[in-house]
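Each chain, written out:
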Amino acid sequence: MLKVKNLKASIEGKEILKGINLEVKPGEVHAIMGPNGSGKSTLSAVLAGREEYTVDSGSVEFLGKNIFGSSPEERAREGLFLAFQYPIEIPGVSTTNFLRAAVNQVRAHRGLPKLDAVQFLKTMKEKMQIVDIDQALLKRSLNEGFSGGEKKRNEIFQMAMLEPKLSILDETDSGLDIDALKIVANGVNTLKSADNATIVITHYQRLLDFIIPDFVHVLYNGKIVKTGTKELAYELEERGYDWIKAEHANA
Amino acid sequence: MSKDAEILEEFTSKEYEHGWSVDFEADEAPKGLNEDIVRFISAKKNEPEWLLEFRLKAFRHWLTLEEPDWAAVNYPKINFQDIIYYSAPKKQKKLDSLDEVDPELIETFKKLGISIEEQKRMTGVAVDAVIDSVSVATTFKETLGELGIIFCSFSEAVKDHPELVKKYLGSVVPYTDNYYAALNSAVFSDGSFGYIPKGVHCPMELSTYFRINAANTGQFERTLIVAEPGSYVSYLEGCTAPQRDENQLHAAIVEIIVETDAEVKYSTVQNWYPGDKNGKGGIYNFVTKRGICNGDHAKLSWTQVETGSAVTWKYPSCILKGDYSVGEFYSVAVTNNYQQADTGTKMIHIGKGTKSRIVSKGISAGHSQNSYRGLVQVHKRAENVRNFSQCDSLLLGDKCGAHTFPYIEVDNSSAQVEHEATTSKIGEDQIFYCNQRGIDTEEAVALIVNGYAKEVLNKLPMEFAVEAQKLLALTLEGSVG
Ligand SMILES: Nc1ncnc2c1ncn2[C@@H]1O[C@H](COP(=O)(O)OP(=O)(O)OP(=O)(O)O)[C@@H](O)[C@H]1O
Ligand SMILES: [Mg+2]
């Protein structure tokens, strides 16, 4: 599904990603952990096609195609979804209207007819249950005045609506209370299938109790310096990153 | 006028002639403006003496005025002697099918979601009998007639209701008001007249669309609306379809009289040709719009969506004379490429307990300049006045400009006047967020802009609001990314 080879990327002349290698297969869940500023959000932004970043070298294949030829919206329509670490506010545009535009453009790309208002609302109702989101929230301006937790829940709701192939959840657990965390994790698990895959970026092992990863990667200083299983997350929880930093002091 | 006076007039006006004479049989006046041209226009329209007098006074006053230059707009000096001030309404050439219409225009119609029938009507393609707009207009007129509502062209009103026109013409916007008001008063071509009798709630939107011969009202349009005590009307001006005109200068006047307990909602969508990408050839739109809340508890509400014209100069205003009367101004002004808009409102609080609300949303893109200019004036005897103004500017790109000029003059200490202003940019991160959900940049801009202008668009009548949303998107097409 996703093949990242020796990816290097920079912003304003500063190299952030220094050779990332990562392969994600359908049905898999990968967790990426790593200290603040190590490049996790940068990696997700580069994969999603944010233009501010310059790709210096390396390759990324998504669903067998070189990703760098496509615009962010094409990647999204192909099935790449990014749940933002900091979701953006759009005043005056309700989540409902926003999603109607999104769903219809994605459907058009996939050769499906537009959903009419009735069908759309029906789909919304179904998906709302997955993350137990309040309809009143969806009528308000997108993310404007939402609490931290509401924003994150709304991201997963959008993911449910768009039915992506690969979802990257950038610290979706930060800011969620323990009940919300379970609901969101449960939502992600419900949406999981043999054909899609998930990358969860997190600082906390706690989330990985609910969303069980097949692989855990440690991103440090722009590189994946360690890959393991769920056990690695426990180890990090216990020991922090100092030992990793020490191992890679010269990296 | 007596015969002698007429001869004298003729004689004294000779100096303006510049060596040519006016052929009163012609369909078109020669270029330029002098008293003979004013007489020519009046004669062409078979106007009564008092109206000719009104025009002449206005013209003589205009001669004493200087073209204003205080607005934040720049354009080459207008040569007022190089303009044709009268030409007979031209019959639109009838076409057999839409295939004969400029494909680019059809494309625009489609983007605006204008129906095929409507497209035909606007481009002069023959329409079949059932939906013929003339018959629609006729039924419309009958319904209004039963209620005693008058809605007709200005010229018809002069013929059929001279006492009303005479009573109200120039009562809100006197010809002495400003340069363009004087010019319009001297040479106005045609326009609309609306009269709502006492206690009548007009059951439908009065729209120029339904007025037969609405097209070709010319460049100096004149609108007069009178709402008698306890009446209500919602009036729509303009349409979202792009409008082209050979005349570059447009100087309209709108006058509204709102009596006790009456309410007038006046909505405009202005989409005159803005000129090409380099700003060449667009319309100059210099408009004076003003209404008076003459009686207690009267309410006047202006809503405008301004997307067209190369240069716009326009301040729909409310004179709040009646106690507890209410004035509102909701505006979205979009400028792109090299467009310039200087627009806003004046709220003149004279009566006690009067309230006003101003919501202005400017959107600038390209190399355009967009200014809000607003006056809130509270007179000495106006107790307990309240005003709230919200002026927001949204910038797309970094070559455009947004400016806010609020003027507040308060002469009574009990007034509560609030002014808020914000300037924001469409963020790269907003666009990226939309893109990441599969929404392309064009649609992202449309979504964001419509969200931004929502409070104003919501004030428009429903069908109009939908078209206006599409129009905003269309105006800004290609301005980001
Ligand atoms: N526009 C920019 N200009 C300069 N440096 C930037 C820019 N954007 C990001 N960076 C830097 O890139 C590095 C990686 O940032 P990134 O957001 O990817 O980290 P992260 O791993 O997601 O951290 P966190 O755990 O705190 O979310 C940081 O040092 C950050 O300051
Ligand atoms: Mg991050």
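Please read these numbers as outputs of a predicted model, since none were measured by experiment.

Procedures and definitions
Residues numbered from 1 in each chain as written. Chains lettered and ligands numbered in written order. Predicted model: local features only at pLDDT ≥ 70, side-chain atom pairs only at ≥ 80, totals over all residues. Heavy atoms only, no water. Helix = DSSP H or I, 4+ residues; strand = E, 2+ residues; numbered from the N terminus. Rg over C-alpha atoms; globule rule 2.2 N^0.38 Å. Buried < 20%, exposed > 50% of the residue type's maximum accessible area, 1.4 Å probe, protein only. Contact = heavy atoms within 4.5 Å. Areas by Shrake-Rupley, 256 points an atom, 1.4 Å probe, with all protein chains shown as cover. Lys, Arg positive; Asp, Glu negative; His and termini not counted. Charge placed at Lys NZ, Arg CZ, Asp CG, Glu CD. Buried area = accessible area lost by both parts, 1.4 Å probe. Salt bridge = Lys/Arg side-chain N within 4 Å of Asp/Glu carboxyl O. Polar contact = N/O pair within 3.5 Å; in protein donor to acceptor, adjacent residues only side chain to side chain. Near = heavy atom within 4 Å. Disulfide = S-S within 2.5 Å. Domains from an automatic or database assignment. Pairing = 2+ DSSP bridges. Donors = N, O, S within 2.8 Å, 3.2 Å for Na, K, Ca; no water.

### Topic: the overall build of chain A
At step 1: Scanning chain A for helices and strands turns up 10 helices and 12 strands.
At step 2: Taken over the C-alpha trace, chain A has a radius of gyration of 18 Å; the compact-globule value for 251 residues is 18 Å, and the two agree within 12%.
At step 3: For chain A, the C-alpha atoms occupy an extent of roughly 60 × 40 × 35 Å along the three principal directions.
At step 4: Within chain A, the proportion of its 251 residues that are buried is 54%.
At step 5: In chain A, 68% of the contacts between residues at least 6 apart in sequence involve partners at least 24 apart.
At step 6: With an accessible surface of roughly 11000 Å², chain A has 47% of that area assigned to carbon and sulfur atoms.
At step 7: Each charge class in chain A can be summarised by its mean position, and for the 32 positive and 34 negative side chains these summaries are 3 Å apart.

### Considerations on the interface of chain B and chain A
At step 1: Between chain B and chain A, the contact holds 19 residues from the first and 32 residues from the second.
At step 2: Here chain B meets chain A over a buried area of about 2100 Å², counting both sides, of which 62% is carbon and sulfur.
At step 3: When the buried area of chain B at its contact with chain A is split by residue, B:F432, B:Y433 and B:R437 rank highest and sum to 37% of it.
At step 4: Our count for the contact surface shared by chain B and chain A stands at two salt bridges.
At step 5: A salt bridge links B:R437 to A:E155, with the shortest nitrogen-to-oxygen separation between them at 2.6 Å.
At step 6: Seen at the junction of chain B and chain A, the total is 12 residue pairs in polar contact (both at pLDDT 80 or more).

### Let's talk about the site of ligand 1
All names here are of chain A.
At step 1: Taken together, 14 residues lie around ligand 1, and G37, K40, S41, T42 and H203 are the ones closest in.
At step 2: Between G37 and ligand 1, the recorded distance is 2.8 Å, taken from a backbone N or O atom to an oxygen atom.
At step 3: One nitrogen or oxygen atom from the main chain of S38 is found 3.3 Å from an oxygen atom belonging to ligand 1.
At step 4: Within the complex, 67% of the 650 Å² of free accessible area of ligand 1 lies under protein.

### Quick notes on the state of the cysteines
All names here are of chain B.
At step 1: Tallied over the full model, the rule gives zero disulfides over all chains.
At step 2: C318 provides the cysteine sulfur closest to C293, a residue in no disulfide bond, and the two sulfurs are 5.9 Å apart.
At step 3: When its relative accessible area of 0% is taken as the criterion, C293 is described as buried.
At step 4: Of the cysteine sulfurs around C400, a residue in no disulfide, the closest is that of C391, at 17 Å.

### Brief notes about the domain arrangement of chain A
Residues and elements named next belong to chain A.
At step 1: Under the domain assignment used here, chain A contains domain 1 (1–17 + 49–69) and domain 2 (71–169 + 188–197 + 206–230).
At step 2: Its C-alpha centre places domain 1 at a distance of 22 Å from the equivalent point of domain 2.
At step 3: Between domain 1 and domain 2, the contact holds 12 residues from the first and 14 residues from the second.
At step 4: Around 980 Å² of area is buried between domain 1 and domain 2 when both sides are counted, 66% of it from carbon and sulfur atoms.
At step 5: In terms of surface lost to domain 2, no three residues of domain 1 exceed M1, G49 and F62, which account for 45% of the buried area on that side.
At step 6: Remark: the boundary between domain 1 and domain 2 carries one salt bridge.
At step 7: A salt bridge links K65 to E78; the nearest nitrogen and oxygen atoms lie 3.7 Å apart.
At step 8: Connecting domain 1 to domain 2 are one residue pair in polar contact (both at pLDDT 80 or more).

### Topic: the side chain of A:S141
Residue and element names in this part refer to chain A.
At step 1: Counting through the fold element by element, S141 comes out in strand β8 (residues 141–142).
At step 2: Residue S141 is classed as buried on the basis of its relative accessible area, which comes to 17%.
At step 3: Among the polar contacts made by the side chain of S141, one reaches the main-chain amide nitrogen of G92 at a distance of 2.8 Å.
At step 4: Beyond its immediate sequence surroundings of up to four residues, S141 is in contact with I90, P91, G92, V93, S94 and F146.

### Topic: the pairing of strand β8 (residues 263–270) of chain B
Residues and elements named next belong to chain B.
At step 1: Burial runs high along β8: six of the eight residues are buried.
At step 2: Alignment of strand β5 (residues 232–238) against β8, held across seven bridges, turns out to be parallel. Residue L236 lies in a different strand from β8, and its bridge partner there is S267.
At step 3: Relative to strand β10 (residues 299–306), β8 runs parallel, the two being bridged by eight bridges. Pairing of V269 across the sheet is with V305, part of β10.

### Points about the pattern of salt bridges
At step 1: With the rule as written, the count across this model stands at 23 salt bridges over all chains.
At step 2: Here A:R239 makes a salt bridge to A:E235, at a shortest N to O gap of 2.8 Å. With A:R239 and A:E235 both in helix α9 (residues 230–239) and four residues apart, this pair spans about one turn of that helix.
At step 3: For A:E235, a relative accessible area of 30% gives the class partly exposed.
At step 4: The closest approach of N and O atoms between B:K289 and B:E237, which form a salt bridge, is 3.4 Å. Remark: B:E237 occurs in strand β5 and B:K289 occurs in strand β9 (residues 284–293); sequence separation between them is 52 residues. An identical accessibility class is assigned to B:K289 and B:E237; each is buried.
At step 5: The network of salt bridges with shared partners includes B:E35, B:R39 and B:R60.

### As for the coordination of the magnesium ion (ligand 2)
Residue and element names in this part refer to chain A.
At step 1: Looking at the magnesium ion (ligand 2), the protein donor atoms are S41 (OG) and Q85 (OE1), and they sit 2.0 to 2.2 Å from it. Placement of the pair is S41 in helix α1 (residues 40–48) and Q85 in the loop between β6 (80–83) and β7 (90–94), with a sequence separation of 44 residues.
At step 2: According to the relative accessible area criterion, S41 is partly exposed, its value standing at 30%.
At step 3: Since its relative accessible area comes to 15%, Q85 is described here as buried.

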